Amino acid sequence: MNDKEIKERLALISALTEDVQEGLEDMIVPFLLYGITIPIGTFISYFLAKTGFSLFIPLLWLFIMTACQLFLALFMKRKQKIKIKRATDRILAALWGSIGAGLILSMILGILGKLDFNTNFFNIGLCLAIGHAATAAMVQKKLRLFLCIEALCWAGCGVVCLFAAQYTAPLIIGVATFILLGLPAAVAIVIGKRKKTVKAK
């Protein structure tokens, strides 16, 4: 392999990582949505458990995950209409779409009694850890470190859910979602708006 081929490959890798990073910026709003809706779902879950309607908790989470997935699909479709389509958009859509589908399947199996209550929330933590780890492999160093840390946190939350008291698992995932998805997304939106304001001036 000569120097020219090496430079071309490095340029291609650099372009792909930039594409992924821009694609993640488009997903800030959906991540913020997850960071808000899942903690709300957690509080509703506790209300259902306290009032004797715990059987409806898996159905609630199935509804939340399905609604978020539909919003994500519509949001990304709208983004593609107003922006140049990137080569990595389909990779991110396939990755996170598959993770969402896996979570929905897990909830369905929970409703049918094929999966333990705590196992459902372990699957949420595990799937999100895999998603963050896979995305981290496609981005630049600073963001890669952040996503790897998030992946480890999600994996840890999933494991804790396995050994937690039955109705503590939703609380763990709810708090983790707010901290690991909601807060970073909100901060990113604020920083993005400030950058646009500075450029406008």
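Analysis parameters
Residues numbered from 1 in each chain as written. Predicted model: local features only at pLDDT ≥ 70, side-chain atom pairs only at ≥ 80, totals over all residues. Heavy atoms only, no water. Helix = DSSP H or I, 4+ residues; strand = E, 2+ residues; numbered from the N terminus. Buried < 20%, exposed > 50% of the residue type's maximum accessible area, 1.4 Å probe, protein only. Contact = heavy atoms within 4.5 Å. Areas by Shrake-Rupley, 256 points an atom, 1.4 Å probe, with all protein chains shown as cover. pLDDT = per-residue confidence, 0-100. Axes fitted to C-alpha atoms, helices over the stretch in contact; angles between N-to-C directions. Parallel < 35°, antiparallel > 145°, perpendicular 65-115°, else oblique. Left-handed = near helix turned anticlockwise from the far one by under 90°. Nonpolar A, V, L, I, M, F, W, Y, C, P; charged D, E, K, R; others polar.

Draft legend 1. Up close: the overall build of the protein. Tallying secondary structure elements over the protein gives seven helices and zero strands in all. Element order for the protein, N to C, with α for helix and β for strand: α-α-α-α-α-α-α. Within the protein, the proportion of its 201 residues that are buried is 39%. Within the protein, contacts between residues at least 6 apart in sequence are counted, and of these 76% link residues at least 24 apart. Within the structure as shown, the protein displays about 11,900 Å² of accessible surface, and the carbon and sulfur contribution to it stands at 71%.

Draft legend 2. Expanded view of the environment of Pro170. With respect to the secondary-structure elements, Pro170 resides in helix H7 (residues 169-200). Of the residues examined, Pro170 reaches a relative accessible area of 1% and is grouped as buried. For Pro170, the contacting residues outside a window of four places in its chain are Thr42, Ser45, Trp61, Phe117 and Phe121.

Draft legend 3. Focus on the confidence of the model for the protein. In this model, the protein carries a mean pLDDT of 75, and residues with pLDDT of at least 70 account for 76%. Within the protein, helix H6 (residues 141-163) carries the highest mean pLDDT (88), whereas helix H1 (residues 3-26) carries the lowest (54).

Draft legend 4. Highlighting the environment of Leu180. Topologically, Leu180 is positioned in helix H7. In this structure, the C-alpha to C-alpha distance between Leu180 and Ile149, residues 31 residues apart in sequence, is 9.8 Å. Those residues in contact with Leu180 that lie beyond four places of it in its chain are Glu150, Cys153 and Trp154.

Draft legend 5. Examining the packing of helix H5 (residues 117-136) against H6 more closely. At their nearest, the axes of H5 and H6 sit 7 Å apart, and the two run at 165° to each other. If you check the angle between H5 and H6, you find them roughly antiparallel. Pair H5 / H6 crosses with left-handed handedness. Between H5 and H6, the residues in contact are Asn118, Thr119, Phe121, Phe122, Gly125, Leu128, Ala129, His132, Ala133, Thr135 and Ala136 and Arg144, Leu147, Cys148, Glu150, Ala151, Trp154, Ala155, Gly158, Val159, Cys161 and Leu162, respectively. Taken together, the residues that form the contact of H5 with H6 break down as 14 nonpolar, six polar and two charged.

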